[in-house]
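Chain and residue survey
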Amino acid sequence: MKLIENAAVVITLLFSGLALAGSPSTDGDAEKGKEIAMGVCAGCHNADGNSIIPTNPILAGQYAVYTAKQLMDFKSEEGTPAKRDNPVMASMVTPLSQDDMQNLAAYYAQQAPQPGMVSDESLINLGKQLYNGGNLENSIPACSSCHSPDGKGIPPHYPRLAGQHAAYTLSQLQAFRQGTRQNDTNNTMQSIVSRMSVQEMKAVSEFITTLK
Ligand code: HEC
Ligand code: HEC
């Protein structure tokens, strides 16, 4: 019975993801994106999007539709908090037009991502188990079902996670949990992290670093 319930949770989550189809596509101009990336973003995300600061995400190789969506989500409408509430990035996106965002997203999508570095080996096994199999007891679905077994994601909407800094990944899982990040359509990620322990979040973040 438990198994059937869990299968239902996964299927519901998968369908809620599919409902994302039809969101903005992106066919930005990578050359124009590069100019802004070099001038404004490189200080924190590096020239090619391979940030070396663990709290700043690696943008290289990420799907353009996902990146453009994040940039839009950092913008707040007048009077309401941004769907992805982050003061640093909010100030970065304020001067950007929708075209700028699509151009930036196209630029980073074309850059080759560098492999990540693990800082806590002892968590890898638990992280791997969660990533590939979830945790049936708490109805946590396998991350691989949406982000793919090798962490490359499923374009355009399921982001690439492979090789991302563990500190950044953990910060996002916590942001989904605390509600400062609520830009996941149908609360997919928010509902998953609400059932994860802090130890599980740390472990899966370390494991994601090892994916290529
Ligand atoms: C002062 C440092 C800083 C600068 C400059 C900066 N960023 Fe960021 N960026 C961050 C941090 C920190 C985060 C994580 C925000 C969070 O926790 O939500 C982030 C997150 C992002 C994300 C989300 C990535 C993901 O995987 O969801 C994108 C996209 C991004 N930045 C693009 C840009 C672009 C484009 C520029 C230049 C216009 C830029 N950033 C400039 C620090 C910076
Ligand atoms: C049912 C599909 C689904 C499953 C299962 C799933 N995710 Fe996600 N995840 C998403 C979607 C969709 C987004 C993008 C949300 C958005 O647009 O910002 C996302 C975003 C993320 C992000 C943010 C990436 C970034 O660059 O900021 C992280 C981290 C993440 N997921 C980790 C996980 C982990 C860990 C698991 C397993 C415990 C998992 N996800 C399971 C659908 C899923």
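Numbers given for residues are sequential positions, taken from 1 along each chain in its written order. Ligands are numbered from 1 and chains lettered from A, in the order in which they are written. Residues qualify for local features only when their pLDDT is at least 70, as the model is predicted, and side-chain atom pairs are given and counted only at 80 or more; totals for whole chains, interfaces and linings, by contrast, use all residues. Think of the side-chain values as coming from all heavy atoms in the structure, minus any hydrogens and water.

As for the coordination of the iron atom of ligand 2
Every protein donor of the iron atom of ligand 2 is accounted for by His 147 (NE2) and Met 189 (SD), and the metal-donor separations fall at 2.0 to 2.3 Å. In this analysis a donor is any N, O or S atom within 2.8 Å of a metal ion (3.2 Å for sodium, potassium and calcium), and since water is not included, sites may seem incomplete. Any coordination sphere not matching a tetrahedral pattern (four donors, all angles between 85 and 135 degrees) or a square planar or octahedral pattern (four or six donors, opposite donors over 155 degrees apart, other angles between 65 and 115) is reported as irregular. Taken together, the six donor atoms surrounding the iron atom of ligand 2 define angles of 87 to 180° at the centre, an arrangement classified as octahedral. Of this pair, His 147 sits in helix H7 (residues 144-147) while Met 189 sits in helix H9 (residues 188-193), placing them 42 residues apart in sequence. One exposure class covers both His 147 and Met 189, and it is buried. Strands are runs of DSSP state E lasting at least two residues, helices are runs of H or I lasting at least four, and both sets are numbered from the N terminus onward. The cut-offs for exposure are 20% and 50% of the maximum accessible area for each residue type, with area from a 1.4 Å probe on protein chains only; residues under the lower value are buried, those over the upper are exposed, and the others partly exposed.

Here we look at helix H5 (residues 98-109)
A helix is expected to reach a length of 1.5 Å times the quantity of its residues less one. With twelve residues, H5 ought to run about 16 Å at 1.5 Å a step, and its terminal C-alpha atoms sit 17 Å apart, in line with that. All buried positions along H5 are accounted for by Met 101, Gln 102, Asn 103, Leu 104, Ala 105, Ala 106, Tyr 107 and Tyr 108.

Examining unusual backbone geometry
With omega at 0°, the peptide bond leading from Pro 155 into Pro 156 counts as cis. Secondary-structure assignment places Pro 156 in the loop between H7 and helix H8 (166-178). Positive phi, normally seen in glycine, also occurs at Asn 46, with a value near 70°. When you line up the elements, Asn 46 lands in the loop between helix H2 (30-45) and helix H3 (64-74). Backbone geometry at Asn 186 places phi at a positive 65°, although glycine is not the residue there. Its location among the elements puts Asn 186 in the loop between H8 and H9.

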